[in-house]
Amino acid sequence: MIPISYYLILSTIIFAISIAGIFLNRKNILVLLMSLELMFLSVNFNLITLGNYLGDLTGQVFVFFVLTVVAAESAIGLALLIVLFRNKKTIDVDDLSELKG
Amino acid sequence: MFNFPILSLLIWIPILVGLFLVISNNLSNKLSEYLTLIITFLVLLLSLSLTNNYDQSLSQLQFIERIEWINGLNIFYYLAADGISVSLILLTAFINFLIAIYASSETYKNKSAYLGYFLILEGLLMGTFTAFDSILFYIFFESLLIPLFLIIGIWGGKNRKYATIKFFLYTLFGSVLMLIAIIYLSTLAGSFAIRDFYLLNLSFEEELFILLAFLIGFGIKIPMWPVHTWLPDAHVEAPTSGSVILASVLLKVGGYGMIRFMLPITTEAGIFLSEYMIYLSLIAIIYISFVAYAQTDMKKLIAYSSVAHMGFVTLGIFLVFHLLGNNLNAAVIGLEGAIIQMISHGLISAALFFCIGIIYKHSKSRLLKDNYGVVTFMPLFSFLMLFFLMANSGLPGTSGFVGEFLVITSALGSNIIIGFLAAISLLLSASYSLKLGKNVLFGENTQNIQGYKECTINEKFVLGVLVIFILYLGLTPDYLFKIIDHTTINLIDSINLGRT
Amino acid sequence: MIYLALILLLAPLVGTLLLLYTQNNSKRLSIFISNSSILISFFVSIYLLFLYFSCNYLPVSQDVLVFADTKLYSLSFGLYIDSLSLVMSTVVTSVSFLVHYYSISYMKDESSFNRFFIYTNFFTFSMLLIVLSNNFFQLFIGWELVGLSSYLLIGFWTSKESAIKANYKAFLVNRVGDIGLLLGLCLVFVTYGTTNYTEVFNLKDTINNSELDIFGTSFNLLSSICLLLFVGAMAKSAQVPLHFWLPDSMEGPTPISALIHAATMVTAGIYMVARLSPLYVLAEDVSIFILYVGSVTAFFLGLVSLVQNDIKRIIAYSTISQLGYMTAALGASLYSLAIFHLITHAFFKALLFLCAGSIIIKCHHEQDIRKIGGLRKFMPITYLAFLYASLSLIGFPLTSGFYSKEVIIDAIGYYNHTIPYTMLLAGIFITTLYTSKIFFKVFFGECTLHDRNEKENDKEMLVPLFILTAPSVFLGLFIFDSLLSGTLFGASLMSNTVVLDFYNNYVINSLYFFLHSFMTINFFILLIALIFSYYYYYKKSFNISIPNILSTILKNEYGFNNLSTKFIPKFQNLLTKYLWKNIDILTIDNGIINNTSLMFDKISNTVRKFQTGYIYHYSLTIISALILALLIIRIRY
């Protein structure tokens, strides 16, 4: 049997990749959204692994909820993205600094 | 004895109608004027019937309405009235009625909203004067800022942004401190009812901090020296009716709060600090009078004179602390003087701001040097304005004298020097009031480049009614004395009993 | 009786209100209303006086209108009727009526003719309010209303710059005195718990010995009250150093000067002290002070009038000087003598002013006596009236002024107040000089009128002169004995014994006093002064050059002129500007308030740089903070 630490390490790696995707990505909001999805995946991965490990179904059930929320969220995110593109004619992250103080 | 929620009606009728006026944008000017007039008149009638039904021989609260509001926190919708509330309610209703009449001769953009805000303000003022639950009081007290902020901010003069923000932040700062004090008191008392606070046994340090919080909170509102500088700016930028309501009623909220909160709750600390607070009041009376004399803008002059006159109110209140224990009669005289001074200043300052508004309407300038020789073209108006200026300088026979006389009497009861310093205002107030009269009303003016014209019928009515009331309060104020007498005596007695 | 007194008091007020209401109607109506209302007052007053003495009434004190009646205290308006108040109200209403009548003609060319009568009626009412008052509170109200009406009347010509300045000044100087009066009133109220005269007089002994603590020094309470009240009297009755508003009050129309100087304003202070004589008798130290203030005023301000050239200003200073005599009498506890001089002075000074008004109107508002002359032939009646008034003023034997003034001087001498006595004696000399100065310059010498066919003024202006001449000359003799022996004022004035003692031992009776006066030093001074002024002003047979310093001092009116026109306004302007600009705006507003907001501005400007607006910066911050937090938790637990 594969030890639990392997799963956790994998999920950490995925999480780290997604964070790197957010930090280092200076080009495209689309990538940002994808990184977010990845982050959720890693968290889901953790939930399933630990749920199985502890023999508790709650973790796995929770993943379903997370997945639906994520789906909704990415739908909204994409919709926002389209509106943003219509208004700004760009989805470049560097150009989006309206909140600058 | 009187099972009719009259206080709630006084509060909510103007607020609801006001909201309606604010929301309904496309209401015609005429309609909104009539509506405002009718509502203010109705409120005036209601407050008159309130006064009529008020039993002067009782000293306890009357017209009590007490409904549970927020259960878990023990907060009640608790309205009631005593003599002080009744007199201030009458003043509020009366001044708002006059504003409604005066406003119908003015032109403003989006007038229905303008009048709506005044109605909201009226309702909130009624609430402030009748709330006997501290949270309810605080909500009314705080919301007062909003309509006035909008009135000055939207319909104000050139520099209105600065003035409104200054005014808003200043008063907000004070009331936040007040909120802290109220919450602290309520945790000790287990209830938010103001009357329960009176029964608390506070340690001296607690009292001291609470006193300071209240002093700053209400002191800014009154305003006391040295936190008075928002007032001249706010007055100068405010439209005429805004100045009127600000000077005549809003400042009184501070004095009312001092009587309601500071006197009974923080007595020991008050006695400890009374000397310094009296000094502050005396500075307000003398120093501000000097500053008023130097003004070149009519509205600023009257604004500073308001500060000086409110100095008498605070002096009368703080003298109570000073006199407790050695001369209770003088303390009663001082407190009654302070209350009467509030009412009388409400009438006189309102009248003067109306007068300045009328002059400004013609000459488009509020500066002393641009206005002269008004008497040649507006004889009746000048006569009335001179009367109000005389009243402002405390001429006997007008209401301006009564309060000052009582406060000075009370001051002499404690120390002749305080009395002497307070009495100097007789000279100083005459010097700045008559300077205004001398420069603006008199002098040679043959050209009339300002375009002065005698007042319209509305303005005549407003000023005439004010003259009658100022004279009435100056000559036979017995009725007003009757209303407040038992309440003040009872208040002072209970404070004194609470000490021993 | 009380209703009649109410009519006496309220008739002028009703007149005022009616006049206000009919302001825009014809002149004739306002003449009718104003004159008849004062006339009603006058007749009622005479009738009451008659009733009082014929039926031997006792003094009546009755509250009429409640001002405030609370659990602890009560204030009210009321009437006090006794011989003093009735005599005084008769003087006030009679002089006031004559002045009203005179004004009909004097003011006929004014555009705001009706307004004038509103003010004068109100003026009379305010004075009657003081005279008939039965408590301190009403006294103060009347006091201030008198100040108000004088303010309105002095500034009657609203577009005349000097008039506006003068009335401003008059009101403010009066306010200085009012501070004293108000403090006195409040002190009475707070110590006795009442302001009613009778009640206070009954209680006065109980606090006679209580002390008042000021800066560690203790003062007698009663003396303090008396002193404070007297400060009010000093301003209203134009005593040093609060006298300087009175000469400036000449900016008003001349009938008003007559009214102010004779009956309705300056006498208020004297009347008040006399009315409160039960208190003043007990305050001996204050009495001494009053005596000296009075004699200093009488002497030094009499001197000033010698160098004046404006006819009205000379008479104004003469009023101040005569008021000094009355005040000195009050100080020596000779209350009835002070009132005596007040009454006679009211008549002859009103006469003088009305004559002066006639002269001024004849000379087309020329008031400089150097430019007026030789009017005797054109105005024979005015000439005679002026002569009688002058004789009375200088105290020529048998005239009213003689009885009232000599008796004050002699009594003060009799009680051995040496210094005041000397000053008052010297006052006789000065009075004679300035009176004859006007007299000779105006009526004799070269004629200055352009139109040689000028005639006397209208009938309306002459009748009051006739009427006033009678009391100016004969009234003194008429009431002398009854007044001094104490039958006239009875118990309304205190310290009858002082006067009675003087009367029995020195005066004996009016005839004896008259004969005796020829052997006193007073008469010789008068004689010398008359001879001197005859040669100096009329014959111009010699010339005296007054030392430069002295004349400068006198011309500057001891510096009071500069003080009130230059120094105080300048000082006030500087001080108030400084307080406003430097303390209010610079220190409080800019220094504290605006700097606080600027400080917040700076802080938030620094902090806002952290908001870059880039998502990846924010997320980096969030995640690094998260990691940091986790690490901390990891390390600590």
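From a predicted model like this one, the values you see are computed outputs, not experimental measurements.

What counts and what doesn't
Residues numbered from 1 in each chain as written. Chains lettered and ligands numbered in written order. Predicted model: local features only at pLDDT ≥ 70, side-chain atom pairs only at ≥ 80, totals over all residues. Heavy atoms only, no water. Helix = DSSP H or I, 4+ residues; strand = E, 2+ residues; numbered from the N terminus. Contact = heavy atoms within 4.5 Å. Buried area = accessible area lost by both parts, 1.4 Å probe. Salt bridge = Lys/Arg side-chain N within 4 Å of Asp/Glu carboxyl O. Polar contact = N/O pair within 3.5 Å; in protein donor to acceptor, adjacent residues only side chain to side chain. Nonpolar A, V, L, I, M, F, W, Y, C, P; charged D, E, K, R; others polar. Axes fitted to C-alpha atoms, helices over the stretch in contact; angles between N-to-C directions. Parallel < 35°, antiparallel > 145°, perpendicular 65-115°, else oblique. Left-handed = near helix turned anticlockwise from the far one by under 90°. 1 Å grid on protein atoms, 1.4 Å probe; cavity = no way out; pocket = protein on both sides within 12 Å on 5 of 7 lines; lining within 4 Å. Points joined across faces, edges and corners; volume = space filled by probe spheres on them.

What follows concerns the environment of Ala356 of chain C. On the secondary structure map, Ala356 of chain C appears in helix α15 (residues 335-362). Those residues within four positions of Ala356 of chain C in sequence are excluded, and the remaining contacts are Thr254, Ile311 and Ile315 of chain C.

Let us now look at the interface of chain A and chain C. Taken together, the contact pairs 13 residues of chain A with 11 residues of chain C. Here chain A packs against chain C, burying approximately 1,100 Å² in sum over the two surfaces, 69% of which is carbon and sulfur. Applying the counting criterion to the chain A and chain C interface returns zero salt bridges. Remark: the boundary between chain A and chain C carries zero residue pairs in polar contact (both at pLDDT 80 or more). When residues of the side of chain A that touches chain C are assigned to their parent elements, the largest contribution, three residues, is made by helix α1 (residues 4-24) of chain A.

Let's shift gears to the interface of chain C and chain B. Contacts between chain C and chain B engage 55 residues on the former and 65 residues on the latter. Among the residues chain C hides against chain B, the three largest losses belong to Phe67, Tyr168 and Trp580 of chain C. Together they make up 12% of the total. At the junction of chain C and chain B, the tally comes to zero salt bridges. Joining chain C to chain B, the criterion identifies seven residue pairs in polar contact (both at pLDDT 80 or more). Broken down by secondary-structure element, the contributors of at least two residues to the side of chain C that touches chain B are β1 (60-69), β2 (74-81), α5 (136-154), α6 (161-192), β3 (211-214) and α24 (560-608) of chain C. Per-class residue counts for the side of chain C that touches chain B are 39 nonpolar, seven polar and nine charged.

The next thing to look at is the arrangement of the chains. Ranked by contact count, the leading pair among the two pairs of chains in contact consists of chains B and C. There is a gap between chain A and chain B: no contact, and a shortest C-alpha distance of 21 Å.

Right, let's talk about the packing of helix α18 (residues 418-443) of chain C against helix α22 (residues 521-539) of chain C for a bit. Residue and element names in this part refer to chain C. The interhelical angle for the contact between α18 and α22, taken along N-to-C directions, is 30 degrees, at an axis separation of 9 Å. The angle between α18 and α22 places the two elements in the roughly parallel class. Judged by the twist between their axes, the crossing of α18 over α22 is right-handed. Of α22, the residues touching α18 (which contributes Tyr421, Leu425, Ile428, Phe429, Thr432, Leu433, Ser436, Lys437 and Phe440) are Ile521, Asn522, Ile525, Leu526, Ile528, Ala529, Leu530, Phe532, Ser533, Tyr534, Tyr537 and Tyr538. Among the residues making up the contact of α18 with α22, the classes are represented as 16 nonpolar, four polar and one charged.

Attention now moves to empty space enclosed by the protein. Residues and elements named next belong to chain B. Overall, the coordinates contain six cavities of 30 Å³ or more when judged by the stated rule. Computed from the structure, the largest cavity encloses a volume of approximately 50 Å³. What lines the largest cavity is simply His309, Gln341, Ser344, His345, Ile348, Ala391, Asn392, Gly394, Gly400 and Glu404. Breaking the lining of the largest cavity down by element, the ones donating at least two residues are α14 (328-363), α16 (379-392) and α17 (399-414). The leading source of residues in the lining of the largest cavity is α14, at four residues. Each residue belonging to the lining of the largest cavity can be placed in one class, and the counts come to two nonpolar, seven polar and one charged.

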